[in-house]
Amino acid sequence: MAGRLLGKTLATVSLSVALASVTVKASGSCSIPECRSSFSSCGSHLNSNIMSGSNGAKENSHKKARTSPYPGSKVQRSQVPNEKVGWLVEWQDYNPVEYTALSVLAGPRWADPQISESNFSPKFNEKDGHVERKSQNGRYEIENGRPRNPAGRTGLVGRGLLGRWGPNHAADPIITRWKRDKSGNKITHPISGKNILQFVAIKRKDCGEWAIPGGMVDPGEKISATLKREFGEEALNSLQKSSAEKRKLEEQLHKLFSQEHLVIYKGYVDDPRNTDNAWMETEAVNYHDETGEIMDNLTLEAGDDAGKVKWVDISDKLKLYASHSQFIKLVAEKRDAHWSEDSETDCHGL
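Residues numbered from 1 in each chain as written. Predicted model: local features only at pLDDT ≥ 70, side-chain atom pairs only at ≥ 80, totals over all residues. Heavy atoms only, no water.

As annotated in UniProt, the feature "coiled-coil region" (unreviewed entry) corresponds to residues 232–259 in the numbering used here. With 68% helix and 0% strand, residues 232–259 has end C-alpha atoms that lie 17 Å from one another. (UniProt positions renumbered as here; feature names shortened; annotations may be inferred. Helix = DSSP H or I, 4+ residues; strand = E, 2+ residues; numbered from the N terminus.)

Put into structure tokens, the structure is as follows:
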């Protein structure tokens, strides 16, 4: 995000079990040094089944948070075997590496001070001034003054590239519409017989892959505001618009983001930047333009760190990060849209 001293990266997010979807009403990423990323992070993995009290890690869960070297550095984590990820597993010899990036220690406005600083007394598990320190997965434990990663050991303590001790919150908007012909009729897939859904995808400059736009939640900012702001900046180039253009754009975005929407996922993200004391969480939300009238009046234009932006047909043929494909699959399921030509696996069995 220009002007925010933020860096972003594309996230690879992957769901290993079925995710709950909730209908609600709207309220009003990483080689870049700061790594104030969207949970877009060239390699994040969503894990919807995190249990601090588990006796070990599932084979496909909590992997990215144990990879080395740590992003943007040559730091090697202490190795954590699957069976010793869970905090309830006794491990007296556990000796994690301490690392917090210099860009974080420099004290940018989006980062916390070090725990050791006398004037820093964070209120974990609650709203701390404008900073949201509550986790979307419930209460997390505090040990020796530091929050403890609810998914288990990572082999590294400190904050790495993350600004906040504890949860670092992000938001990801999935904007969809029905694919239509020139006469305005919905287009159905010839094999599945289901209507084809489209979503707005951006091609990130940093990773060069197509993905869902997204970004970090600023202090005091509501998730709904983050979702709208990120979409405007990355898919509509709102930061480069004139004052008059921004006002008109804001009116159109308000129509889209004030309607009912689907929360596709909210919670912990298995991200390579996570540490024992700092971790990524996100909320992925689907805003659907049923008639297409709202988005027809908005011209897609790549902005911020997006290289390109376009409408993409949703199907299992999409070449996205595996995780993003899983988000999109969930949206197709909830909207009863086309996903696969194989009817037996079409939007079922997640």
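Glancing now at the packing of aromatic side chains. The geometry of an aromatic ring pair is captured by the separation of the ring centres together with the interplanar angle, meaning the angle of the planes. Tallied over the full model, the rule gives eight aromatic pairs. These aromatic residues form a ring-pair network of at least three members: Trp87, Trp91 and Tyr94. It is Lys310 that lies over the ring of Trp210; its NZ or CZ is 4.7 Å from the centre. (Phe/Tyr/Trp six-rings, centres within 6.5 Å; stacked < 30°, edge-to-face > 60°. Lys NZ or Arg CZ within 6 Å of the ring centre and 35° of its normal.)

It is worth spelling out helix 2 (residues 223–235) at this point. With 13 residues, helix 2 ought to run about 18 Å at 1.5 Å a step, and its terminal C-alpha atoms sit 18 Å apart, in line with that. Burial analysis of helix 2 places eleven of its 13 residues in the buried class, which makes it a mostly covered element. For helix 2, every residue scored as buried is listed here: Ser224, Thr226, Leu227, Lys228, Arg229, Glu230, Phe231, Gly232, Glu233, Glu234 and Ala235. (Expected span 1.5 Å × (residues − 1). Buried < 20%, exposed > 50% of the residue type's maximum accessible area, 1.4 Å probe, protein only.)

Before going further, it helps to spend a moment on unusual backbone geometry. Each neighbour pair has its own omega, and for Ser68 with Pro69 the value is -5°, a cis peptide bond. Summarising the element assignment, Pro69 is placed in the loop between strand 2 (45–46) and strand 3 (97–100).

Our focus in this paragraph is the environment of Glu234. Among the structural elements, Glu234 can be located in helix 2. In sequence terms Glu234 and Gly214 are 20 residues apart; their C-alpha atoms lie 8.2 Å from each other.

For the coordinates displayed, the defined rule picks out 19 salt bridges. Linking Glu230 and Arg229 is a salt bridge whose minimum nitrogen-to-oxygen distance equals 3.0 Å. Both residues of the pair, Glu230 and Arg229, count as buried. For Asp316, the salt bridge is made with Lys317, and the minimal N-O distance between the two is 3.4 Å. Connected through shared salt-bridge partners, Asp218, Glu221, Arg229, Glu230 and Glu233 make up one network. (Salt bridge = Lys/Arg side-chain N within 4 Å of Asp/Glu carboxyl O.)

What follows is about helix 3 (residues 243–257). Across its 15 residues, helix 3 extends 20 Å between first and last C-alpha, which sits within 8% of the 21 Å expected from 1.5 Å per residue. On its buried face, helix 3 sits against strand 9 (166–178), helix 2, strand 14 (278–289) and helix 4 (293–296). (Contact = heavy atoms within 4.5 Å.)

Grouped together as the largest cluster of nonpolar side chains are 22 residues, with contacts concentrated most on Ile175, Val200, Phe231, Phe257 and Met295. Listing elements by their share of this core, those giving two or more residues are strand 9, strand 10 (197–204), helix 2, helix 3, strand 14, helix 4 and strand 15 (306–313). The element that contributes the greatest number of residues to this core is helix 3, accounting for four residues. Those residues in contact with Met295 that lie beyond four places of it in its chain are Ile175, Val200, Phe231, Leu256, Asp289, Leu300 and Trp311. (Core = buried A, V, L, I, M, F, W, Y, C linked by side-chain atoms within 4.5 Å.)

Turning next to the packing of helix 2 against helix 3. In the contact formed by helix 2 and helix 3, the axes pass within 11 Å of each other and the chain directions differ by 130°. It follows from the interaxial angle that helix 2 and helix 3 lie oblique. With respect to the hand of their crossing, helix 2 and helix 3 are arranged in right-handed fashion. Between helix 2 and helix 3, the residues in contact are Leu227, Lys228, Phe231 and Gly232 and Glu250, Leu253, His254 and Phe257, respectively. When grouped by side-chain class, the residues that make up the contact of helix 2 with helix 3 number four nonpolar, two polar and two charged. (Axes fitted to C-alpha atoms, helices over the stretch in contact; angles between N-to-C directions. Parallel < 35°, antiparallel > 145°, perpendicular 65-115°, else oblique. Left-handed = near helix turned anticlockwise from the far one by under 90°. Nonpolar A, V, L, I, M, F, W, Y, C, P; charged D, E, K, R; others polar.)

Put simply, side chains in a regular strand alternate between the two faces of the sheet. Among the five residues of strand 8 (residues 156–160), five are classified as buried, and the element is accordingly described as predominantly covered. The sheet contact formed by strand 3 and strand 8 spans three bridges and is parallel. Each residue of the ladder has a partner; that of Glu98, found in strand 8, is Val157. (Pairing = 2+ DSSP bridges.)

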